[in-house]
Structures are given as C-alpha cells and as structure tokens.
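Single-letter residue listing:
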Amino acid sequence: MLAAYLAERGYPAEVRRFRAPRTYGWELLVIGLLLGLGGVQPQPWLALLGAYWFWAYFDGWGTPWDALFAPHVSHNLLARAGRGDRRIVLLAHYDTAKTFFLYHPRRVHGFRRTFVLQAVLATALPLLAAASPLLSRPVGLFFLLQAALLWHREWTAPYVNGANDNASGVAVAVQLFLDTAPRLPPGVELWLALTGSEEVGARGARALLKDLPPPRDTLVLNIDNVGRGQLHYAEAEGMLRLHRSSGALVDAARRLDGAVPVQYRLAYFDTLPLVRAGYRCLTLVRLERGVPPHWHWPTDTLDNVDPQAVEQTLAYARTLLWTVLPPPR
C-alpha cells in the first residue's frame, strides 16, 4: 500500500527484503531460560551467556546467532528525491507489536523500573551463581517465571493495531517527504526509509545500514509515536547505556520552540543502530506522563489518535528540516 501510494505521486519506492522474527518474545524467552537455569542449578556459564545476550539485545549489539531467530521475511521501503553529496533520511517504522501485561495502562508507568530491576539482576546473576547458590536460586526462579509469562504471551496475546505506534510516524514522514522533495535545493538528496521489524530489535534499521551511504554528512530524522501527547525530541536514547544524539538536527531542535528535550530510556528507536554506526540522528516522539499513549495496548487505534497532534508534528518537522537545509529554489 505504501509503495503504491508513493508511486502514484511520482516517487517509485524500492522494496528491500531481509530476514527477521515476527515477535521479540521467543528470543527474550530463551534469554530468560538461560538466566533462570543458570541461577537455579546454579551454572555460572549459563547465567553469563544469558547476561551477555540480555545486554546484546537491549543495547543493540546483535549476536552471532541472530539469524537463528529471524526465520521470516520483512521489508524496508526506500524512496529517493534529488541528487547530491548532502543526504537527509526521513525514517519511520510501519510494523506493530504484540501486547503484554506490562503495557497495561495501570502498569505501564512502572515499565522502566521493572526493566532496570531485570537488568540489575541479569548482570549480577553470573557472580551470584558462582558465589552464592542461596541468592542465585530465587533470582533464577524470577527469570524462569518471566520466561513462562513470555511463552503465554506468544500463544495468547494479539498484535495491536499500531495507529499511534507507528502509523502516525509513517504518515508524517511520508507527507514530509512529499512536501520537501519537489523543493530540494541543489546538491541535496532526500531519502524516505519506512522500516519493518523495529519492534523486534530494530532489525529494519540494521538492514537499512547496508543501503545507507557512509555517515560523513548524512542526517537522520526519525518519527515515532506522534499521534497524541506533548512533542519531544530525543537528545539521547538507550535502555541500558545512554547513546547521545548529535548533529545539525539536534542543534536546530534546541533552538526551535514546539518540542522539549528528553533522554528516552523506555525502549529503543530505529535510530539506535544508526547512532552506533556513526550517523547523526534525531527522533521526534510524543509522550503523556513520560510514556507513549496507548503504548503496545489494544487501545492503540485510530480513534485514540489526535489529528491535530499529527499535523503539528508535521509542521514542526518541516520547520526543523528547512532549518538545516539551504533556502529552497
């Protein structure tokens, strides 16, 4: 549908295939089993493998066995306009995710605290398994329970509609591309990259790295969850380590009114692997009380998207973009 929409407006898009999982649950389930068995038995080497995998997944390193958990085909959509040495990439993911009990509106504001607890326990478990079985066994049981909950999720939880996360971001990115492409100044190349599989380890962005030019002057504007709430720009992101954004887009956002800065620690964006690869990225996101509205919950439908918020995001993104571009021709 997106490819046809762009082609009708004169911008044929390339569809790039890559391998990915359909859900993150099975990978996290295996991580939970390794940590759980490593703590309960106790086996420090199992716990160490689980801790390494936990960090590799949530900090975006990837593992040598990633392909084993990517049996399905996903797609990135790429459209280009203009030609030149300066490149700007407009980025948004179009995939959605299964729900989970942690995303319930009564629990979602504690999501960060729950994750930090898991990270601390996962990191400490190899030492506990080697030094104190009395302490490692209850921690192992905690991760076995988590694995059981993930197993139940995979068999029972539905995929959410994803109107805010992230059809809203796709709508803004596509319209911003269509508005900007005919007015590009000479020497500038504009890309629209709509990615799949963001929700399962930013696999679409990781695949996109194979298509992107070297990061010398490339700027990336990512748009995610902009259907309701207050507009923020992410100065940094990272569930474990904090990865700071940089570049002309960040500098421009700091000068503009209309969005407030945030260090986003709830989850990762598609920008995480790009920042790690040296690209200068900025993400726009809307939050209510610190979390995306209706985040990964069945209520993430079009009825709960505020059209005015989407329009205001588009206006802000347009101003931001032209702040870093030469005057239009």
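Details of the structure are given in the entry above.
The present account deals with the structure reproduced in this document.

**Quick notes on the overall build of the protein**
The helix and strand inventory of the protein stands at 10 helices and nine strands. Radius of gyration (C-alpha) of the protein: 20 Å, near the 20 Å computed for a compact globule of 329 residues. Along the three orthogonal principal directions, the C-alpha set of the protein runs to about 70 × 40 × 35 Å. In the protein, which comprises 329 residues, the proportion classed as buried is 56%. Surface accessibility of the protein: about 14,400 Å² in total, with carbon and sulfur atoms responsible for 59%. Between the averaged position of the 33 positive side-chain charges in the protein and that of its 26 negative side-chain charges there is a distance of 4 Å.

**Digging into the packing of helix α3 (residues 44–58) against helix α4 (residues 111–131)**
Between α3 and α4, the shortest axis-to-axis distance is 8 Å and the interhelical angle comes to 150°. By the criterion of interaxial angle, the relationship of α3 to α4 is roughly antiparallel. Of the two elements, α3 crosses α4, and the hand of that crossing is left-handed. Where α3 abuts α4, its residues P44, A47, L48, A51, F54, W55 and F58 lie against F115, Q118, A119, A122, T123, L125, P126, A129 and A130.

**Quick word on the pairing of strand β3 (residues 86–93)**
A large share of β3 lies buried, amounting to six of its eight residues. Relative to strand β4 (residues 188–195), β3 is paired through eight bridges, and the arrangement is parallel. Among the inter-strand pairings, R86 is bridged to a residue of β4, identified as V188. Note that β3 and strand β5 (residues 219–223) share four bridges and pair parallel. Counted as the bridge partner of V89 is V220 from β5.

**As for empty space enclosed by the protein**
On inspection of all chains with the given rule, the structure shows two cavities of 30 Å³ or more. If you add up the space inside the largest cavity, you get close to 80 Å³. Contributions of two or more residues to the lining of the largest cavity are made by α3 and α7 (203–208). Broken down by element, the lining of the largest cavity gets its largest block of residues, three residues, from α3. Its residues assigned to classes, the lining of the largest cavity shows three nonpolar, four polar and four charged. Of the volumes computed, that of the second largest cavity is approximately 50 Å³. Taken together, Y57, G60, G201, A202, R206, Y268, L272, P273 and R276 make up the lining of the second largest cavity. With three residues, helix α9 (residues 271–276) is the single largest residue contributor to the lining of the second largest cavity. Taken together, the residues of the lining of the second largest cavity break down into five nonpolar, two polar and two charged.

**Observations regarding the environment of A92**
Mapped onto the elements, A92 comes out in strand β3. For A92, a relative accessible area of 0% gives the class buried. Between the C-alpha atoms of A92 and L221, which are 129 residues apart in sequence, the distance is 8.7 Å. If we skip the residues at most four places from it in the chain, A92 touches N166, G169, V170, A173, A193, L194, T195, N222 and I223.

Here is what the cut-offs are and how they apply
Residues numbered from 1 in each chain as written. Predicted model: local features only at pLDDT ≥ 70, side-chain atom pairs only at ≥ 80, totals over all residues. Heavy atoms only, no water. Helix = DSSP H or I, 4+ residues; strand = E, 2+ residues; numbered from the N terminus. Rg over C-alpha atoms; globule rule 2.2 N^0.38 Å. Buried < 20%, exposed > 50% of the residue type's maximum accessible area, 1.4 Å probe, protein only. Areas by Shrake-Rupley, 256 points an atom, 1.4 Å probe, with all protein chains shown as cover. Lys, Arg positive; Asp, Glu negative; His and termini not counted. Charge placed at Lys NZ, Arg CZ, Asp CG, Glu CD. Axes fitted to C-alpha atoms, helices over the stretch in contact; angles between N-to-C directions. Parallel < 35°, antiparallel > 145°, perpendicular 65-115°, else oblique. Left-handed = near helix turned anticlockwise from the far one by under 90°. Contact = heavy atoms within 4.5 Å. Pairing = 2+ DSSP bridges. 1 Å grid on protein atoms, 1.4 Å probe; cavity = no way out; pocket = protein on both sides within 12 Å on 5 of 7 lines; lining within 4 Å. Points joined across faces, edges and corners; volume = space filled by probe spheres on them. Nonpolar A, V, L, I, M, F, W, Y, C, P; charged D, E, K, R; others polar.

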